[in-house]
Amino acid sequence: MRGASYAWSGWLAVALVVLAHVLQSLSAGAYHGGARLTAYPKHVLVLTAHPDDECMFFAPTIHALLAHNVTVSALCLSRGDADGLGHVRAQELVRSYGVLGVPAKRVACVDDPHLQDGMQRTWAPARVRDAVRTHMNGTHIDTILTFDAGGVSLHPNHRALFHGAVQLQSELATPLSLWTLHTWSWRIKFWGVLVSVLQRGGRDYVFRSSMREYAQSLQAMYQHQTQLVWFRYLYVLFSSYMYANRVRLVVQAL
Ligand SMILES: *[C@@H]1O[C@H](CO)[C@@H](O)[C@H](O)[C@H]1NC(C)=O
Ligand SMILES: *[C@@H]1O[C@H](CO)[C@@H](O)[C@H](O)[C@H]1NC(C)=O
Ligand SMILES: [Zn+2]
């Protein structure tokens, strides 16, 4: 009897996941307030802290922007040198963005002694602000997309980007929108595609990947060969950030 009920629960779980994937495919795309997103920025800068942030956290948004012909540039503020592999990881970053559809000429990676990868490394928001300002000089970037104050995983380098971007936004003379990636609670973060299809968004944008885009994100992750330890395989299967992004419009200047 017990065995039969376990079997039923197993089938029920499988059916639920299959259903979630079908819903995900049917509702792939960009949403705002429950409706399809219609107005897009022209040039978005994806501001990350480490090579692999782009595909582990931001891929659904990058796919949606590129699908609507938005120009996407990337600025990664460290080479991820915590294990001394920064020179390799900087190349992996370029390859990963290439798979996502962002050409190498629009991918920049900074190696600044004050902005080095590490849980114990504190990044001063003013330093982040200056690095981003220097990078943006002479470009037509109208929107910055980065982490929110939670930094996805409470990683201090991620959180510093938020504070640096807020500073920059408040000081710039030209209009600049600031979008931040919503940090999901640890309770639901690993419910994968289920979290994605249950997102309504409200005032936030929701970007949901199609299965083809998800496969592309996996391919991008695969470029980060130095990072492919066993738990990353679990991550790409179960993390909700692989399937959808919820993005807050902290400042919508356009
Ligand atoms: C993007 O650009 C391509 C080529 O110029 C065009 O065919 C396509 O319709 C555009 N897509 C959108 C959503 O504007
Ligand atoms: C931006 O670039 C111009 C010339 O290209 C330079 O004069 C100016 O100092 C730069 N500003 C910043 C903030 O880097
Ligand atoms: Zn990171």
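Quick notes on the rules
Residues numbered from 1 in each chain as written. Chains lettered and ligands numbered in written order. Predicted model: local features only at pLDDT ≥ 70, side-chain atom pairs only at ≥ 80, totals over all residues. Heavy atoms only, no water. Helix = DSSP H or I, 4+ residues; strand = E, 2+ residues; numbered from the N terminus. Expected span 1.5 Å × (residues − 1). Buried < 20%, exposed > 50% of the residue type's maximum accessible area, 1.4 Å probe, protein only. Arc of directions from axis to C-beta. Contact = heavy atoms within 4.5 Å. Polar contact = N/O pair within 3.5 Å; in protein donor to acceptor, adjacent residues only side chain to side chain. Phe/Tyr/Trp six-rings, centres within 6.5 Å; stacked < 30°, edge-to-face > 60°. Near = heavy atom within 4 Å. Areas by Shrake-Rupley, 256 points an atom, 1.4 Å probe, with all protein chains shown as cover. Donors = N, O, S within 2.8 Å, 3.2 Å for Na, K, Ca; no water.

Draft legend 1. Structural view of helix H4 (residues 86-100). End to end, H4 covers 21 Å across 15 residues, agreeing with the expected 21 Å (1.5 Å per residue, within 8%). Restricting attention to buried positions, one finds in H4 the residues Gly 86, Arg 89, Ala 90, Glu 92, Leu 93, Ser 96, Tyr 97 and Leu 100. The buried side chains of H4 occupy one side of the element, clustering within an arc of 160 degrees when seen end-on. Lining the buried residues of H4 we find strand E3 (43-48), helix H2 (53-57), helix H3 (59-67), strand E4 (71-76), strand E5 (107-109) and helix H9 (211-222). Of the residues one or two after H4, Gly 101 is the one with positive phi, at around 110 degrees.

Draft legend 2. Structural view of helix H10 (residues 230-238). Within the sequence span of H10, burial applies to Arg 232, Tyr 235 and Val 236. Along the axis of H10, the buried positions cluster into a sector of 90 degrees, meaning they face one direction only. Packing partners of the buried residues in H10 comprise H2 and H9.

Draft legend 3. Region of the structure containing the side chain of Thr 146. As for its placement among the helices and strands, Thr 146 is situated in strand E6 (residues 143-147). Separated by 2.8 Å, the side chain of Thr 146 and the backbone oxygen of Leu 47 make a polar contact. In this structure Thr 146 touches Leu 47, Phe 58, Leu 161, Phe 162, Ala 165, Leu 178, Trp 179, Thr 180 and Leu 181, once residues within four positions along its chain are discounted.

Draft legend 4. Representation of the packing of aromatic side chains in the model. A full pass over the atoms with the stated rule returns 11 aromatic pairs. Measuring from ring centre to ring centre gives 5.9 Å for Phe 57 and Phe 147, while their planes differ by 70 degrees; the resulting arrangement is edge-to-face. With Phe 57 in helix H2 and Phe 147 in strand E6, this residue pair connects regions lying 90 residues apart in the sequence. Residue Phe 57 is classed as buried on the basis of its relative accessible area, which comes to 6%. We classify Phe 147 as buried; its relative accessible area is 0%. Within the aromatic cluster, the residues linked to one another by ring pairs are Phe 57, Phe 58, Phe 147, Trp 184, Phe 190, Tyr 235 and Tyr 241.

Draft legend 5. View of the site of ligand 1. Ala 67, His 68 and Asn 69 make up every residue found near ligand 1. The separation between an oxygen atom of ligand 1 and a polar side-chain atom of Asn 69 is 2.4 Å. Within the complex, 25% of the 360 Å² of free accessible area of ligand 1 lies under protein.

Draft legend 6. Expanded view of the coordination of the zinc ion (ligand 3). On the protein side, the zinc ion (ligand 3) has His 50 (ND1), Asp 53 (OD) and His 158 (NE2) as donor atoms, found 2.1 Å from it. Spacing between the donor residues of the zinc ion (ligand 3) along their common chain follows H-x2-D-x104-H. Take His 50: its relative accessible area is 6%, and that puts it in the buried class. Since its relative accessible area comes to 2%, Asp 53 is described here as buried.

So, to be careful, I would describe these as geometric facts and stop short of saying anything about function.
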